[in-house]
Amino acid sequence: MSKNFKQDVLSRRTFAIISHPDAGKTTLTEKLLLFGGAIRDAGTVKGKKTGKYATSDWMEIEKQRGISVTSSVMQFDYQNARVNILDTPGHQDFSEDTYRTLTAVDSAVMIIDSAKGIEEQTLKLFKVCKMRGIPIFTFINKLDRQGKPPLELLAELEEVMGIESYPMNWPIGMGKEFLGIYDRFYKRIEQFRVEDTEKYIPLNEDGEIEGDHSIKQDSLYDQTLEEIMLLNEAGNEFSEEKINNGDLTPVFFGSALSNFGVQTFLETYLQFAPSPQARKSSMGEIDPLSEEFSGFIFKIQANMNPAHRDRIAFLRICSGKFERGMTVNLPRTGKQVKLAQSTQFMADDRSTVNEAVSGDIIGLYDPGFYQIGDTLTVSKNAFQYEKLPQFTPELFVKVTAKNVMKQKHFHKGIQQLVQEGAIQLYKTVKTEDYLLGAVGQLQFEVFEHRMRNEYNVEVIMEHVGSKIARWLVDEEVNENLSSGRSLLVEDRFGKKAFLFENEFALRWFQDKNPEVKLYNPMDEQ
Ligand code: G4P
């Protein structure tokens, strides 16, 4: 193995930021990019509105698609590390997308608004990370405002999330009285709102300021020392092993907006965040330092650039080195693909990438070859990476084209948006109607909008309501069991499922037809 390759791989830090909308994800991302020199001005990251609540905001972003989508993967160098940040849509209706993105990271940064504590969407995403054993680093934001007492926030982390925490630093006051942070890791105090030359005050062996300093006159300083003593005596011990297993989260305090505590966070994070981790496959775990190139596609985005109508497949490299022009195998189809057009992403730009290694994310031009979850590899063994997690949709609509003459566009649009993972598609077995399944209502609205704007097709969507979808273990089934209350459908892979009207209909069906074995794919993840 060449020394450079190994060093390159070990320098990668690939992560996603998880948070509830408005906690400060966009602001923090932007500050990180500024430190990394990836952007020069604040205001460059415009992906934010995807996290807001109205479709109109999402559509607004669509107008600026080039920008919004390039910000879905951002790369920069800092010190000796190459950092890849993956953006995740903030809106819960797009949690499927987020869920898949989390399969492509090695760690996650969780932002918490100090006034709000742990919010619903954060908790949901946290659970996904925890389940997958992804190491989590916590940034408690907005200390320049009055928030919950820090000890209460830690207790919330441990009680609500069930994860141990280790504060790397600790706030001295907050809101108008925010003086700075007591840094347990770097053994210094970092002062808020002071000249750069005065920013850091070193601490002695006992964790106190040696000699005189005006901050010592403030009662908040004494209070902080007391709390630090409490943490030292009764708090958790720092453990890199626990961090790596996702059992302990290092906690940082700061204010993204004031750019306070962000650099300290970044530098400490880079020290402890894992480099690319091994990924499970049908051939066992694949070592990121193995020189045989491989990766998997976790996201497909069509029509990123309206001028070109292109489609990009996002690939997480899991082993080896990517070189533009290389030929790889696509085990799902058994075909070979030449990777001639590849893209790398910066916050405000995309550029051609010639080389990339394990841990990196590249965008591949997709003429319709790829599906979400596809493995690409140069290996002769046709192995596949672990299946990507799937959400069981709960909302359904029947969809048809308004104008029958537009059937061709209609099918093309549906097919592409389904491959992209934007929505799920089902066909009723008896009547061959198309049903769309989604996790959230907004997905339907975006589907309708994109069909109109990208494929020039008006669709009619008839509400079918919420359903409980259960797949059949055995494909052989009596089609006459299909009814309004238990509708037999086929998913896009040809697998059969029943859509039940409600829990009662599901139980009734199971009682009547015990020989029909059903399962929920989400139970297996
Ligand atoms: P998001 O991506 O997680 O949704 O959050 P975003 O960064 O957009 O931040 C949400 C709001 O919180 C923004 O204000 C932002 O300026 C503010 N904010 C972020 N970090 C801090 C912080 O450290 N302190 C304080 N006081 N506010 C912070 P907004 O008024 O909703 O938006 P904007 O008009 O400023 O863009």
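Our structure's up above, just so we're on the same page.
Please read all numbers here as calculations on a predicted model, not as lab measurements. (Residues numbered from 1 in each chain as written. Predicted model: local features only at pLDDT ≥ 70, side-chain atom pairs only at ≥ 80, totals over all residues. Heavy atoms only, no water.)

1. Observations regarding the overall build of the protein
1) Next: For the protein, the helix and strand inventory stands at 13 helices and 31 strands.
2) Next: In the protein, which comprises 525 residues, the share counted as buried stands at 57%.
3) Next: Sequence separation of 24 or more characterises 71% of the internal contacts of the protein that already satisfy a separation of 6 or more.
4) Next: Accessible surface, the protein as shown: approximately 23600 Å² in total, 46% of it carbon and sulfur. (Helix = DSSP H or I, 4+ residues; strand = E, 2+ residues; numbered from the N terminus. Buried < 20%, exposed > 50% of the residue type's maximum accessible area, 1.4 Å probe, protein only. Contact = heavy atoms within 4.5 Å. Areas by Shrake-Rupley, 256 points an atom, 1.4 Å probe, with all protein chains shown as cover.)

2. A word on the environment of Pro89
1) Next: Along the chain, Pro89 falls in the loop between β3 (81-86) and α5 (95-101).
2) Next: Along the backbone, Pro89 and Pro21 are 68 residues apart, and their C-alpha atoms lie at a distance of 9.2 Å.

3. Structural notes on the nonpolar core
1) Next: Counting residues in each nonpolar core, the largest one holds 76 residues, and the members touching the most others are Leu102, Ile189, Phe322, Leu339 and Tyr370.
2) Next: In terms of residue count, strand β15 (residues 311-319) provides more of this core than any other element does, 6 residues in total.
3) Next: There are two domains that each give this core at least three residues, and those are domain 1 (1-270) and domain 2 (277-375).
4) Next: In this structure Phe322 touches Phe293, Ile317, Leu339, Ser342, Val353, Asn354, Glu355, Ala356, Ile362 and Leu364, once residues within four positions along its chain are discounted. (Core = buried A, V, L, I, M, F, W, Y, C linked by side-chain atoms within 4.5 Å. Domains from an automatic or database assignment.)

4. Here's the deal with the site of the ligand
1) Next: In the vicinity of the ligand, 16 residues are found, and the nearest of them are Asp22, Lys25, Thr26, Thr27 and Asp144.
2) Next: At a separation of 2.8 Å, an oxygen atom of the ligand approaches a polar backbone atom of Lys25.
3) Next: The contact in question runs from an oxygen atom of the ligand to an N or O atom on the side chain of Ser255, over 2.8 Å.
4) Next: When the ligand sits alone it has 700 Å² of accessible area, and the protein chains cover 71% of it.
5) Next: With 3 residues, the single largest contributor to the shell around the ligand is helix α2 (residues 25-35).
6) Next: Here the shell around the ligand is built from residues that sort into 4 nonpolar, 6 polar and 6 charged. (Near = heavy atom within 4 Å. Polar contact = N/O pair within 3.5 Å; in protein donor to acceptor, adjacent residues only side chain to side chain. Nonpolar A, V, L, I, M, F, W, Y, C, P; charged D, E, K, R; others polar.)

5. Digging into the pairing of strand β7 (residues 169-172)
1) Next: Here β7 shows no split at all, with Asn169 and Pro171 on one side and Trp170 and Ile172 on the other all buried.
2) Next: Relative to strand β8 (residues 180-183), β7 runs antiparallel, the two sharing 4 bridges. Among the inter-strand pairings, Ile172 is bridged to a residue of β8, identified as Gly180. (Pairing = 2+ DSSP bridges.)

6. Some remarks on the environment of Thr26
1) Next: Relative to the elements of secondary structure, Thr26 occurs in helix α2.
2) Next: Under the relative-accessibility criterion, Thr26 is labelled buried at 18%.
3) Next: With 254 residues separating them in the primary sequence, Thr26 and Lys280 have C-alpha atoms 31 Å apart.

7. Overview of the pattern of salt bridges
Any two side chains of opposite charge can pair, on the condition that their charged atoms come close.
1) Next: The full count for this structure, using the stated rule, is 19 salt bridges.
2) Next: One salt bridge connects Arg279 with Asp106, and the closest N-O pair in it is separated by 3.3 Å. With a gap of 173 residues between them, Arg279 in strand β12 (residues 279-281) and Asp106 in the loop between α5 and β4 (107-113) connect regions that are remote in the sequence.
3) Next: Where Arg188 meets Asp183, a salt bridge forms, and the shortest distance between an N and an O atom there is 4.0 Å.
4) Next: Overall, Arg188 belongs to the buried group, its relative accessible area being 17%. (Salt bridge = Lys/Arg side-chain N within 4 Å of Asp/Glu carboxyl O.)

8. Details of the side chain of Asn141
1) Next: Relative to the helices and strands, Asn141 resides in strand β5 (residues 136-141).
2) Next: We classify Asn141 as buried; its relative accessible area is 3%.
3) Next: Within the structure, the side chain of Asn141 is placed 2.8 Å from the backbone nitrogen of Ala256, a separation counted as a polar contact.
4) Next: The residues contacting Asn141, other than those within four sequence positions of it, are Ala23, Gly24, Ile111, Ile112, Asp113, Ser114, Gly254, Ser255 and Ala256.

9. A short note on the packing of helix α11 (residues 407-419) against helix α12 (residues 441-455)
1) Next: The contact between α11 and α12 brings their axes to 10 Å, and the two run at 125 degrees. Overall, the two elements α11 and α12 adopt an arrangement that is oblique. Along this stretch, α11 crosses α12, giving a crossing that reads as right-handed. Two secondary-structure elements touch here, α11 through His409, Phe410, Gly413, Ile414, Gln416 and Leu417 and α12 through Phe447, Arg450, Met451 and Tyr455.
2) Next: Grouping the constituent residues of the contact of α11 with α12 by class yields 6 nonpolar, 3 polar and 1 charged. (Axes fitted to C-alpha atoms, helices over the stretch in contact; angles between N-to-C directions. Parallel < 35°, antiparallel > 145°, perpendicular 65-115°, else oblique. Left-handed = near helix turned anticlockwise from the far one by under 90°.)

10. Observations concerning helix α10 (residues 262-272)
1) Next: Along α10, 9 of the 11 residues are buried, which leaves the element largely enclosed by surrounding structure.
2) Next: Listed in full, the buried residues belonging to α10 are Val262, Thr264, Phe265, Leu266, Glu267, Thr268, Tyr269, Leu270 and Phe272.

11. Some remarks on the pairing of strand β11 (residues 248-253)
1) Next: Counting buried positions along β11 gives 6 out of 6 residues, so the element sits mostly inside the fold.
2) Next: The side-chain alternation of β11 yields two buried faces, one formed by Leu248, Pro250 and Phe252 and the other by Thr249, Val251 and Phe253.
3) Next: As defined by bridge partners, β5 adjoins β11 across 3 bridges and the pair is classed as parallel. Residue pairing in the sheet places Phe139 in a bridge with Phe252 of β11.
4) Next: In terms of strand pairing, strand β6 (residues 164-167) meets β11 through 4 bridges, oriented parallel. Bridged to Tyr166 within β11 is Pro250.

12. Considerations on a negative patch on the surface
1) Next: Residues Glu205, Asp206, Glu208 and Glu210 make up a contiguous surface patch of negative charge.
2) Next: Tracing the backbone shows Asp206 in the loop between β10 (200-202) and α8 (219-234). (Patch = residues over 30% accessible without salt bridge, like charges linked within 9 Å, V, L, I, M, F, W, Y side chains within 5 Å. Lys, Arg positive; Asp, Glu negative; His and termini not counted. Charge placed at Lys NZ, Arg CZ, Asp CG, Glu CD.)

13. Considering the sheet that holds β6
1) Next: Taking strand neighbours across the sheet as the criterion, the 7 strands line up as β2-β3-β1-β4-β5-β11-β6 in an open arrangement whose pairing is mixed. Two strands lie at the open edges of the sheet, namely β2 (73-78) and β6, each paired on one side alone. For this sheet the average axis-to-axis angle between neighbouring strands, irrespective of direction, equals 30 degrees.
2) Next: Pairing geometry for strand β1 (residues 12-18) and β3, over 5 bridges, is parallel. In the strand pairing of β3, Phe15 is matched with Ile85.

Interpretation in functional terms is not warranted from these geometric data alone.
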